[in-house]
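Summary of the model geometry
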Amino acid sequence: MDIVRFWRDVPAKLKGAVLAIGNFDGVHRGHQQVLREAIAIAKREGRRSGAVVFEPHPREFFAPDTPFFRLTPLPLKLELLEALGLDQAFVIPFDRDLASLSAEAFATEVVAKGLGASHVVVGHDFSYGKGRTGTTEELAELGRMLGFGVDVVAPVGAGGTTFSSSRIRDHLRNGE
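Heads up: these notes are all about the structure in this document. Treat the numbers as computed from the prediction; the structure is a model and nothing was measured. (Residues numbered from 1 in each chain as written. Predicted model: local features only at pLDDT ≥ 70, side-chain atom pairs only at ≥ 80, totals over all residues. Heavy atoms only, no water.)

Secondary structure summary: the chain contains seven helices and eight strands in total. Expected size for 176 residues packed as a compact globule is a radius of gyration near 16 Å; at 15 Å, the chain falls within 12% of this value. Projected onto the principal axes, the alpha-carbon positions of the chain cover approximately 45 × 35 × 30 Å. Expressed as a percentage of its 176 residues, the buried residues of the chain come to 45%. Surface exposure of the chain reaches about 9000 Å², of which carbon and sulfur atoms provide 51%. (Helix = DSSP H or I, 4+ residues; strand = E, 2+ residues; numbered from the N terminus. Rg over C-alpha atoms; globule rule 2.2 N^0.38 Å. Buried < 20%, exposed > 50% of the residue type's maximum accessible area, 1.4 Å probe, protein only. Areas by Shrake-Rupley, 256 points an atom, 1.4 Å probe, with all protein chains shown as cover.)

Glancing now at the packing of aromatic side chains. A full pass over the atoms with the stated rule returns seven aromatic pairs. An angle of 90° between the planes, with centres 6.3 Å apart, marks the rings of F54 and F94 as edge-to-face. Residue F54 is located in strand β3 (residues 49-55), and its partner F94 is located in the loop between β4 (88-93) and α4 (96-99); the two are separated by 40 residues in the primary sequence. Residue class for F54 comes out buried when judged on its relative accessible area of 9%. Judged by its relative accessible area of 13%, F94 is buried. With 5.9 Å between their ring centres and 45° between their planes, F106 and Y128 make a pair best called tilted. Within this pair, whereas F106 is found in helix α5 (residues 103-114), its partner Y128 is found in the loop between β5 (119-123) and α6 (136-146), the two being separated by 22 residues in sequence. One exposure class covers both F106 and Y128, and it is buried. (Phe/Tyr/Trp six-rings, centres within 6.5 Å; stacked < 30°, edge-to-face > 60°.)

It is worth spelling out the nonpolar core at this point. Counting residues in hydrophobic clusters, the biggest one holds 31 residues, and the most contacted among them are F90, L98, L115 and L139. Counting only elements with at least two residues in this core, the list comes to β2 (18-21), β3, β4, α4, α5, β5 and α6. Here L139 is in contact with A107, V120, V122, F126, Y128, F148 and V150, once residues within four sequence places are set aside. Core analysis: the second largest hydrophobic core is formed by 20 residues, A38, I39, V91 and V121 among them. (Core = buried A, V, L, I, M, F, W, Y, C linked by side-chain atoms within 4.5 Å. Contact = heavy atoms within 4.5 Å.)

Moving on, we come to the pairing of β5. Of all five residues making up β5, five are buried, and the element is well covered by its neighbours. Burial along β5 is two-sided: the residues H119, V121 and G123 and V120 and V122 are all buried. The pairing of β2 with β5 spans three bridges and is parallel. Residue pairing across strands places A20 opposite V121, the latter belonging to β5. Traced from β5 through α6 to strand β6 (residues 149-153), the parallel crossover comes out right-handed. (Pairing = 2+ DSSP bridges. Right-handed = clockwise from strand over helix to strand, strands pointing away.)

It is a probe the size of a water molecule, rolled over the atoms, that shows where empty space is left. Considering only enclosed or pocket space, the largest pocket measures out at about 990 Å³ in volume. In terms of lining, the largest pocket is formed by 38 residues, of which the most central are N23, D125, F126, S127 and R132. Among the secondary structure elements, those contributing two or more residues to the lining of the largest pocket are α1 (29-45), α2 (58-62), α4 and α7 (165-173). When the residues that make up the lining of the largest pocket are grouped by side-chain class, the tally is 17 nonpolar, 15 polar and six charged. (1 Å grid on protein atoms, 1.4 Å probe; cavity = no way out; pocket = protein on both sides within 12 Å on 5 of 7 lines; lining within 4 Å. Points joined across faces, edges and corners; volume = space filled by probe spheres on them. Nonpolar A, V, L, I, M, F, W, Y, C, P; charged D, E, K, R; others polar.)

Residues that lie three or four places apart on an α-helix share one face, since the helix turns once every 3.6 residues. Among all positions in α5, only A103, F106, A107, T108, V110, V111, A112 and G114 are buried. Residues of α5 that are buried in the fold lie against β2, β3, α4, β5 and α6. Immediately beyond the C-terminal end of α5, within one or two residues, lies G116, with a positive phi of roughly 65°.

Here we take up α6. For α6, every residue scored as buried is listed here: T136, L139, L142 and G143. Along the axis of α6, the buried residues cluster in a sector spanning 115°; they form a single face. Facing away from the buried surface of α6 by more than 90 degrees, the exposed residues are E137, R144 and M145. Where α6 ends, the next residue or the one after it, G147, has phi of about 95°, a positive value. (Arc of directions from axis to C-beta.)

Right under this line is the structure:
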């Protein structure tokens, strides 16, 4: 799996991929559904599949003095992404510049121009852009305008409960 740690000046051979975007902390079954959907679309379209993750985790960036319970350290996360069959992963530095981008600027500058995504897959609760103001509906509209497709994966769960990293953290804090 190719690992790229920037979003500007991405080599042409890595552009045009189907990209799953998210933090994917835990790479749990909900995340795996998003990632598998990106892989399936890439196979159908004869493209590379990839994931976009952010480092540090945005919560660590916005609250550096508050301990953050990370489920999966980056090296292990990258191993899990590779084991799922992804061709590439973008580890995007989450810094002041990225955090200041509006939802439209993120879709335009990072997703369309920088990464050159042909298609994006996100979870139902994905938000992005300054203040997390970007919605999946807005991303789909921006994708139509900017030339990339967007798929939104519905919640995944079992026993009436949706899989989520926050819920997993809560269970672990409670010794479960």
